[in-house]
Amino acid sequence: MDLGLQNSSVVVTGAGSNIGRAIALAFAAEGARLTLGDVDEEQTVRVAAAATDVGAAAAQFVRADVTALDQVERLVAAAHERDGAIDILVNCAGWDRLMWFTETDPDFWRKVVDINYLGVVNCTKAALDFMVPQQHGSIVSISSDASRQGEAREAVYAGAKAAINAFMKTIAKENGRAGIRCNVVCPGVTIPEDADEVGAASMWRDRESMFTDDQLEKVARALPLRKLGRPRDVANAVVFLASDAAAGHITGQVLSVSGGYSMIG
Ligand SMILES: NC(=O)c1ccc[n+]([C@@H]2O[C@H](COP(=O)([O-])OP(=O)(O)OC[C@H]3O[C@@H](n4cnc5c(N)ncnc54)[C@H](O)[C@@H]3O)[C@@H](O)[C@H]2O)c1
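Residues numbered from 1 in each chain as written. Predicted model: local features only at pLDDT ≥ 70, side-chain atom pairs only at ≥ 80, totals over all residues.

Caption draft 1: Structural detail: the overall build of the chain. Secondary structure assignment for the chain yields 10 helices and seven strands. For the chain, the C-alpha radius of gyration of 17 Å lies close to 18 Å, the compact-globule estimate for 265 residues. With the C-alpha coordinates of the chain rotated into their principal frame, the extents come out at 50 × 40 × 40 Å. The buried share of the chain, reckoned over its 265 residues, is 48%. Long-range contacts, defined here as pairs at least 24 residues apart, represent 74% of the contacts in the chain between residues at least 6 apart. (Helix = DSSP H or I, 4+ residues; strand = E, 2+ residues; numbered from the N terminus. Rg over C-alpha atoms; globule rule 2.2 N^0.38 Å. Buried ≥ 20, exposed ≤ 12 C-beta atoms within 10 Å, placed from the backbone. Contact = placed C-beta atoms within 7 Å.)

See below:
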C-alpha cells in the first residue's frame, strides 16, 4: 500500500536513539522530509545521515529540548520554513530512571513530568500553530503501556504517560474539525539491537541499569507473543497512524505495541 508519505513534512522529537531513531528511518524509507529534534546533536546528526541513505527526501537536525517551548517553536518553524507545511508531528522524546516511588524526590518528579508530559504539550502547541491554519495534520505521541497498567518503579512516569493519553484524546476532539488527527502508541519493553541505536542521552546507554538480561528474559516469557519489542515494531505503528492514506479515519486512539502485555483497547 502506498502510505502517501512521499515528500510529507515530518517532525520527530527524541529522534536520536532507539524508538525515535527507528521512527525517523521508517518515515525516511517512505520518502518523507524529516526534521529531527533532540538534545543529542552528535547521535541525531548520524540518524539524519542514515535517513538520507535510506530514502528521505530531506533530513535536518535541529537541537531542541522539548521542555523549552521556545526551542520546540524553532524546531517546527525550521520544518515549516524548509517544507512550507508541517504534515506530521511525532512526540517521541521521553525519559525515566527505574526507581521505587519512595526513593524518588520532587526534583525527579518534575524532570519526569517536564520531559514526558509537558514536552508533548509544548511540541503539540507549536505544531498546532501551523497545522490549524493549514487545516490538516497528524500527531502521534509515544506513551507507554505503563500508562494503562501501572508499572513498579515507574510511578510518576506512568502518570505522566497517562496524561499524554488524555491530552491527545482532548486535542483530537478539539481539532478534528481542522482536519487534524491525533493518536497515541504505547510501547512495552522495546530494546535496541546494537550500539548504533543509542546515543549518549539514551536511557539504554547503560542497559543493565534498566533491566538485567535475566529480567528481560522474564519479561519476554510473560508476554503472550513471548518476545521483546524492537524499535521497528513501534515505528511501523507510528507510520501507519500518521498516514492519512492508511489511517485517515482514525483519531483519538491509544494503541499498544507490546507483544500483548496490555490487552486494553
Ligand atoms: N524503550 C522502551 O522500552 C519504551 C517503553 C515504553 C515507552 N517508551 C517511550 O518511547 C519513547 C522513546 O524511548 P526510547 O527507548 O527510544 O528512549 P531513548 O532514551 O533511547 O531515546 C530518547 C531520546 O530522546 C532524547 N531526549 C531525552 N530528553 C530529551 C529532551 N528533553 N528533549 C529532546 N530530546 C530528548 C534522547 O537524547 C534520546 O535520543 C519515550 O517516550 C519512552 O518513554 C519506551
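Caption draft 2: Structural context of the nonpolar core. By size, the foremost hydrophobic cluster in this structure holds 70 residues, and its most contacted members are Ile23, Ala24, Leu34 and Val238. Counting residues per element, this core draws most heavily on helix α4 (residues 106–134), at nine residues. Leave out the neighbours within four places in its chain, and Ala24 touches Val12, Ala15, Leu34, Leu36, Val47 and Ala51. (Core = buried A, V, L, I, M, F, W, Y, C linked by C-beta atoms within 7 Å.)

Caption draft 3: Quick peek at the site of the ligand. Around the ligand, the surrounding shell holds 30 residues, and the nearest of these are Gly14, Gly16, Asn18, Gly94 and Ala201. At three residues, helix α1 (residues 18–29) tops the list of elements feeding residues into the shell around the ligand. Residue composition of the shell around the ligand, by class: 14 nonpolar, 13 polar and three charged. (Near = placed C-beta within 6 Å. Nonpolar A, V, L, I, M, F, W, Y, C, P; charged D, E, K, R; others polar.)

Caption draft 4: Quick look at the packing of α4 against helix α6 (residues 155–175). Following both chains from N to C, one finds α4 and α6 inclined at 15°, their axes separated by 8 Å at the closest point. Our classification of the angle between α4 and α6 gives roughly parallel. For α4 against α6, the interelement crossing comes out right-handed. Taken together, the residues of α6 that come into contact with α4 (itself represented by Trp109, Val112, Val113, Asn116, Tyr117, Val120, Val121, Thr124, Leu128 and Val132) are Val156, Tyr157, Ala160, Lys161, Ala163, Ile164, Phe167, Ile171 and Asn175. (Axes fitted to C-alpha atoms, helices over the stretch in contact; angles between N-to-C directions. Parallel < 35°, antiparallel > 145°, perpendicular 65-115°, else oblique. Left-handed = near helix turned anticlockwise from the far one by under 90°.)

Caption draft 5: Structural context of the packing of α1 against helix α2 (residues 41–53). As a packed pair, α1 and α2 sit with axes 8 Å apart at the nearest point and diverge in direction by 25°. By the angle class used here, α1 and α2 are roughly parallel. Both α1 and α2 take part in a crossing whose hand is right-handed. Mapping the contact onto sequence places Arg21, Ala24, Leu25 and Ala28 in α1 and Val47, Ala50 and Ala51 in α2.

Caption draft 6: Main features of the pairing of strand β1 (residues 9–13). Counting buried positions over the five residues of β1 gives five, a clear majority of the element. Taking every second residue as pointing to the same face, both faces of β1 are buried, with Ser9, Val11 and Thr13 on one and Val10 and Val12 on the other. The pairing of β1 with strand β2 (residues 33–38) spans five bridges and is parallel. Residue pairing for β2: Ser9 is matched across the bridge by Arg33. As for the winding sense of the linkage, the β-α-β connection from β1 through α1 to β2 is right-handed. Where β1 and strand β4 (residues 88–91) come together, three bridges link them in parallel fashion. Within the sheet, the bridge partner assigned to Val10 lies in β4 and is Ile88. (Pairing = 2+ DSSP bridges. Right-handed = clockwise from strand over helix to strand, strands pointing away.)

Caption draft 7: Representation of the sheet that holds strand β6 (residues 180–187). One open sheet accounts for seven strands, arranged β3-β2-β1-β4-β5-β6-β7; its pairing is parallel. In this open sheet, the two strands that pair with only one neighbour each are β3 (58–63) and β7 (254–257). Geometrically, the sheet is characterised by an average inter-axis angle of 20° between neighbouring strands, direction not taken into account.

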